[in-house]
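# Remarks on the overall topology
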Amino acid sequence: MKYAVDLHIHSALSPCADKDMTPNNIVNMAKIKGLDVIALTDHNSCANLKAVSKCAERSGLVFVPGMELETSEEVHLICLFPDVAAAVEMQCIVYSALPHMANRDDIFGRQLIMDETDRVIAEESRMLLSATALTSEEAYSVVRRLGGAVIPAHVDRPSNSILANLGFIPEGLGLKYLELSKYCDRVHFGVVHPELGGYGTVISSDAHDLGSILERETFLELSELSCDAVIGCLSDLYKFR
Amino acid sequence: MNVPELSEKLGARILTGEPAQVIKVEGMYCCDLLSWVMSYAKKGSAWITVHTHLNIVAVATLMELSCIIIPDGIEVDETTIRKAVKEGVTILGTKLSAYEICCVAHDCGI
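Right, let's walk through the structure included here. Just so it is clear, the structure is predicted and the values come from calculations on it, not from any experiment.

About the criteria used
Residues numbered from 1 in each chain as written. Chains lettered and ligands numbered in written order. Predicted model: local features only at pLDDT ≥ 70, side-chain atom pairs only at ≥ 80, totals over all residues. Heavy atoms only, no water. Helix = DSSP H or I, 4+ residues; strand = E, 2+ residues; numbered from the N terminus. Buried < 20%, exposed > 50% of the residue type's maximum accessible area, 1.4 Å probe, protein only. Patch = residues over 30% accessible without salt bridge, like charges linked within 9 Å, V, L, I, M, F, W, Y side chains within 5 Å. Areas by Shrake-Rupley, 256 points an atom, 1.4 Å probe, with all protein chains shown as cover. Salt bridge = Lys/Arg side-chain N within 4 Å of Asp/Glu carboxyl O. Pairing = 2+ DSSP bridges. Arc of directions from axis to C-beta. Contact = heavy atoms within 4.5 Å. Phe/Tyr/Trp six-rings, centres within 6.5 Å; stacked < 30°, edge-to-face > 60°. Axes fitted to C-alpha atoms, helices over the stretch in contact; angles between N-to-C directions. Parallel < 35°, antiparallel > 145°, perpendicular 65-115°, else oblique. Left-handed = near helix turned anticlockwise from the far one by under 90°.

### So, the overall build of chain A
A tally of regular secondary structure across chain A gives seven helices and 10 strands. When the backbone C-alpha atoms are referred to their principal axes, chain A occupies close to 45 × 40 × 35 Å. The burial tally for chain A puts 59% of its 241 residues in the buried class.

### Looking at a nonpolar patch on the surface
Residue and element names in this part refer to chain A. A cluster of nonpolar side chains, Val187, Val191 and Val192, forms an exposed patch at the surface whose accessible area comes to about 300 Å². Secondary-structure assignment places Val192 in helix 6 (residues 186-192). Residue Val192 is classed as partly exposed on the basis of its relative accessible area, which comes to 46%.

### Things to note about the sheet that holds strand 4 (residues 67-70) of chain B
Hydrogen bonds between backbone atoms are what pair the strands of a sheet, whose relative direction is either parallel or antiparallel. Residues and elements named next belong to chain B. As summarised here, the arrangement of the five strands in space is 1-5-4-3-2, forming an open sheet in which the pairing is mixed. The open sheet has two free edges, formed respectively by strand 1 (13-14) and strand 2 (27-30), since each of these has just one partner strand. When strand 3 (residues 45-48) meets strand 4, the two strands line up parallel, connected through three bridges. Counted as the bridge partner of Ala46 is Cys67 from strand 4.

### Topic: helix 5 (residues 98-107) of chain B
All names here are of chain B. Along helix 5, the positions that sit buried rather than exposed are Ile101, Val104 and Ala105. Projected down its long axis, helix 5 carries its buried residues within an arc of 100°, all on one side. Across from the buried face of helix 5, at angles greater than 90 degrees, the exposed residues are Tyr99, His106 and Asp107. Considering only its buried residues, helix 5 is in contact with helix 1 (3-10), strand 2, strand 3 and strand 4.

### With respect to the packing of aromatic side chains
All names here are of chain B. Counted under the stated rule, the structure contains one aromatic pair over all chains. Aromatic pair Trp36 and Tyr40: ring centres 4.7 Å apart, planes at 40°, arrangement tilted. Residue Trp36 and its partner Tyr40 are both found in helix 2 (residues 34-40); the two are separated by four residues, about one turn of the helix. Accessibility expressed as a relative area gives 45% for Trp36, which makes it partly exposed. The class for Tyr40 is partly exposed, based on a relative accessible area of 47%.

### Section: the packing of helix 3 (residues 84-96) of chain A against helix 4 (residues 136-145) of chain A
All names here are of chain A. One way to put it is that helix 3 packs onto helix 4 with a least axis distance of 10 Å and a crossing angle of 155°. The orientation of helix 3 relative to helix 4 falls into the category roughly antiparallel. Of the two elements, helix 3 crosses helix 4, and the hand of that crossing is right-handed. Two secondary-structure elements touch here, helix 3 through Glu89, Met90 and Ile93 and helix 4 through Val142, Val143 and Arg145.

Written out as structure tokens, the structure reads:
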């Protein structure tokens with residue numbers, strides 16, 4: 001069956017996101033929009049996954065824990081995990097690969113960590129908007145080891161996209177899907193990039209504000225409505241887990 | 001000016017070993033968006049990039065660039081060097097910045 005998804009949403013932990021991107025607001029807006037599945041994908045961090053996961057569970061929304069990782073080549077990869085524990089493991093690896101720079105919230109914005117009641121419980125002091133030391137290949141193999149799936153983010157955009165930064169999809173990445181940004185003309189993209197015909201495409205919102213979260217417009221064919229089914233659909237390597 | 005001569009002027013190391021053939025440097029190009037390089041770099045140019053990803057070798061081959069110059073003393077992966085040797089692409093490594101490399105090239109008449 002086909003289910004409506006939005007697999008690229010930022011919370012208030014991402015410095016560039018609106019501060020009303022709280023766990024409850026995100027989940028409730030996704031419910032209002034009629035989505036079946038959402039993923040939370042903050043920049044280089046998983047610190048709000050637990051709270052959003054709890055809110056989603058309460059409201060019966062299927063939740064996929066994720067992260068928008070920035071690789072050493074400044075490529076943005078949507079990394080999706082089978083559970084919060086795997087994502088937290090990823091966060092440890094990513095934090096050790098992030099430069100030790102303090103966030104300048106006057107320039108970049110605050111990085112809020114919240115609980116499931118939307119209370120701010122901490123603020124991430126480390127600058128999250130930065131390239132990590134992980135190459136695309138390293139990131140891919142770590143996510144795969146953790147049972148997750150990787151989707152290169154907004155490949156149609158001129159920056160932080162695997163196509164813009166690396167020219168083409170490197171050999172040896174077992175990618176199945178590419179993300180296109182919300183306003184991408186899918187047909188035009190197919191014409192310009194015939195070489196990418198073998199990949200599936202998924203349009204996500206990359207929402208930094210509540211209004212931008214997708215309506216029922218991107219669908220995945222899933223064997224069942226669950227996080228595992230989403231990961232399985234996006235990564236044919238899942239069976240090796 | 002050819003690649004080994006430019007390398008010497010830059011005080012660079014040829015990371016890919018002695019080039020099999022002497023290639024003339026016909027211009028300079030500096031850019032780190034590989035898609036951009038694939039659209040705008042001119043044949044025969046020496047290409048300065050901070051990227052060390054394997055894909056730089058394919059881009060240099062595709063655009064028939066004379067060599068790749070990695071600035072700022074950045075280390076290059078063994079995988080990338082091996083691929084470059086296999087494809088006959090010369091990679092130079094230097095401690096100079098991209099700007100300093102361009103200045104030297106300009107002084108050499110490139």
